[in-house]
Amino acid sequence: MASMQEKMIREAMAAMNGQTAADVAVNLYPFIRKYTDGRVERLLTSSYVPASEDAGRGRGGVGVATRDVVVDRDNGVSARLFLPSSAATGGGGGGRRLPVVLYFHGGSFCTESAFCRTYHRYASSLASRAGALVVSVEYRLAPEHPIPAAYDDAWAAFRWVESLSDPWLAEYGDLRRTFVAGDSAGGNIAYHTVARAGRENVGGGIQGLIMVHPFFWGPERLPCETVWDGASVFPAFGVDWLWPFVTAGQADNDDPRIDPADDELASLPCRRVLMAVAGRDTLRDRGRRLASRMRGDVTVVESEGEDHGFHLYSPLRATSKRLMQSIVQFINQPPSPCPPPPAPAPSPAMRWPATILPELDEWSSTYSDDTANSSQILLGMPARAYKAIFVDRMDRKAAKTGRLSSNPTVNASLSIGPSGKASKTSCYGMSFGRTRAYNFRGVAAAGSGQCQPPFRGVTI
């Protein structure tokens, strides 16, 4: 049952449009409003921008040519391609091919477009700065086309990209460096596209998954969702209404499509993940929690003091530029080589030296239920070096100016392995002005076949 505060907010939102609360069936301000007579009003929209193969100068200083294509004629799925002019003039045959970014726009699954000014500008900037061939998908929107229509359209676009049936993709695209990306609802769609590729054992060239302020939710409130400051884009009670609305009432907030299971997270076929969250976004802790449950190489970029989707509507803001820089670096990061295979299991003949067996036997008889062999087994040295560094604090003054000290205070350092010394300059977290980036690197699930580095702190 809605609280009195929620009721007052709903009435105020309706009044802003000259309606009474009784006229409004579903109010997902600032995105969409559905009325009791069946009318749908999309509130968050921007003007249509036509495509042009005559490349203009992009925000990154490189011109970008654009072209619209039909992906699936039966369902009306289309896309806009963004090709940096440097690739078009240099040619792709025999030259350096470009990473391919399959992008899904946001808008709560029910508004915005790949062809609107907001996303045309963003995709053009991404293509220019990253030197990537961007495929921005125009998928079907709810409530006219409830979920899973958007997922189906995204999958059709992914398979279309893989087919290389478009001349730009065939000539310039490098499918070994495919990135699936999206913001808000598009981040959720991007996740499910990669997850489906894992289930169907396709898409071996997916290098990375990029999710910016993605929509994930659940039936229970996280601590940060219990209080609304009255200013953030998404109040938690408004988010509660979204998923039932875009699924036409066929699913609630306990749906695993917005609260993925651990086994699905562990089976993602991409090599790397970038998760971007905003410090004032109601969805921020959902993104952080999802990243912490993922395996492999996961980078989290946090924009402190910013709200949901800030980078789209204020692209010249310093935090927007830093977020774009993080994404560009993620796309252009060289693929990590596969680590050597794990060392074979130690031979049963490997035993602790006789000089320390009495102490181990005494310990094992006190603390272990199995005294026969527990103290006798000698574990082998790891084949790869593992290193964990725990940072107690950092130079906050330097962090504020963007010049991080190369020698943060290290509380403890642990290195295990046959080689390598602990570096005094390594750190777990790093701040760039008001944008922080940190990195999780976990161990791949058994049998996943993915090349995964060990967990360690890195400098980003």
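To start, this report covers the structure provided alongside it. (Residues numbered from 1 in each chain as written. Predicted model: local features only at pLDDT ≥ 70, side-chain atom pairs only at ≥ 80, totals over all residues. Heavy atoms only, no water.)

1. Some remarks on the overall build of the chain
From N to C terminus, the chain includes 13 helices and 16 strands. Relative to its 460 residues, the chain shows a buried fraction of 47%. Across the chain, every contact between residues at least 6 apart in sequence was considered, and the portion connecting residues at least 24 apart equals 71%. Within the structure as shown, the chain displays about 21,800 Å² of accessible surface, and the carbon and sulfur contribution to it stands at 53%. (Helix = DSSP H or I, 4+ residues; strand = E, 2+ residues; numbered from the N terminus. Buried < 20%, exposed > 50% of the residue type's maximum accessible area, 1.4 Å probe, protein only. Contact = heavy atoms within 4.5 Å. Areas by Shrake-Rupley, 256 points an atom, 1.4 Å probe, with all protein chains shown as cover.)

2. Focus on unusual backbone geometry
The omega torsion of the bond from tyrosine 29 to proline 30 falls at 10°, within 30 degrees of zero and hence cis. Here proline 30 shows up in the loop between strand S1 (24-28) and strand S2 (32-35). At the junction of alanine 142 and proline 143, the peptide bond is cis and its omega measures out at 5° in the coordinates. Mapped onto the fold, proline 143 is located in the loop between strand S8 (133-138) and helix H4 (149-163).

3. Regarding the sheet that holds S2
Taken together, 3 strands build an open sheet; the order of strands is S1-S2-S3 and the sheet is antiparallel. Whereas interior strands pair on both sides, the edge strands pair on one side only; in this sheet they are S1 and strand S3 (40-42). With direction set aside, neighbouring strand axes in the sheet form an average angle of 10°. Of the strand pairs in this sheet, S1 and S2 are connected by 4 bridges, and their pairing is antiparallel. Bridge assignment links asparagine 27 to a residue of S2, and that residue is arginine 33. (Pairing = 2+ DSSP bridges. Axes fitted to C-alpha atoms, helices over the stretch in contact; angles between N-to-C directions.)

4. Notes on the packing of helix H3 (residues 117-130) against helix H11 (residues 318-332)
Packing of H3 against H11 brings their axes to within 10 Å, and their N-to-C directions diverge by 50°. Classified by the interaxial angle, the pair formed by H3 and H11 is oblique. H3 and H11 meet at a crossing whose hand is right-handed. For the pair H3 and H11, contact is made by Tyr122, Ser125, Leu126, Arg129 and Ala130 and by Met324, Ile327, Val328, Ile331 and Asn332, respectively. (Parallel < 35°, antiparallel > 145°, perpendicular 65-115°, else oblique. Left-handed = near helix turned anticlockwise from the far one by under 90°.)

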